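Each chain, written out:
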Amino acid sequence: MSDLPDDAEIFVRVKDLRGLFDRLVDSMDFGSGFLDIEDVETLRRVAVVLGVDPMAATPSEFAAGYRHEFRAQDLISEERYTRFWDPARLAAENTRRAGTCRTCSRGKDADCHGD
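Residues numbered from 1 in each chain as written. Predicted model: local features only at pLDDT ≥ 70, side-chain atom pairs only at ≥ 80, totals over all residues. Heavy atoms only, no water.

(A) Fine view of a nonpolar patch on the surface. A contiguous nonpolar patch, built from Leu-4, Ile-10 and Val-12 and spanning about 300 Å² of accessible area, is present on the exposed surface. Inspection of the secondary structure assignment puts Val-12 in the segment before helix H1 (14-25). By relative accessible area, Val-12 is classed as partly exposed at 48%. (Patch = residues over 30% accessible without salt bridge, like charges linked within 9 Å, V, L, I, M, F, W, Y side chains within 5 Å. Areas by Shrake-Rupley, 256 points an atom, 1.4 Å probe, with all protein chains shown as cover. Salt bridge = Lys/Arg side-chain N within 4 Å of Asp/Glu carboxyl O. Helix = DSSP H or I, 4+ residues; strand = E, 2+ residues; numbered from the N terminus. Buried < 20%, exposed > 50% of the residue type's maximum accessible area, 1.4 Å probe, protein only.)

Next comes the structure, spelled out in structure tokens:
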């Protein structure tokens, strides 16, 4: 561990920071529950420094805690997803998805959507 205090300022090459950020956010484990709110806040600050939308650094379980644009979920087409063999099950899944946000899975009128 370094002897640097937690609030010490250091210089990091943007290329290195972007590489680390991309590896974390694009990881298959991202959003699997190992991050806490402090981790998410740090990732969101790094995203802003890198010029990335902070929602890209926000796992879905935290998304409703931040204002974001509503983005409607895609409906499942019968040709694209063969796991829904039963037409009633496919219809039920599309009914569940309709009108919900792909970022946070809430309805369009939820408080987190807007500006």
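So that's the structure; there's more coming.
(B) Highlighting the state of the cysteines. Considering all chains together, one arrives at zero disulfides under this definition. Counting only cysteine sulfurs, Cys-104 is the nearest neighbor of Cys-101, a cysteine outside any disulfide, at a range of 4.1 Å. Of the residues examined, Cys-101 reaches a relative accessible area of 0% and is grouped as buried. A disulfide-free cysteine, Cys-104 has its sulfur positioned 3.8 Å from the sulfur of Cys-112, the nearest such atom. (Disulfide = S-S within 2.5 Å.)

(C) Quick look at the packing of aromatic side chains. With the rule as written, the count across this model stands at zero aromatic pairs. The ring of Tyr-66 carries Arg-44 above its face, with NZ or CZ at 3.7 Å from the centroid. (Phe/Tyr/Trp six-rings, centres within 6.5 Å; stacked < 30°, edge-to-face > 60°. Lys NZ or Arg CZ within 6 Å of the ring centre and 35° of its normal.)

(D) Broad picture of the environment of Pro-5. When you line up the elements, Pro-5 lands in the segment before H1. Pro-5 sits in the partly exposed class, given a relative accessible area of 49%. In the structure, Pro-5 is positioned 43 residues away from Val-48 in sequence and 23 Å away in space, judged by C-alpha atoms.

Bear in mind that shape data such as this cannot, by itself, settle questions of function.
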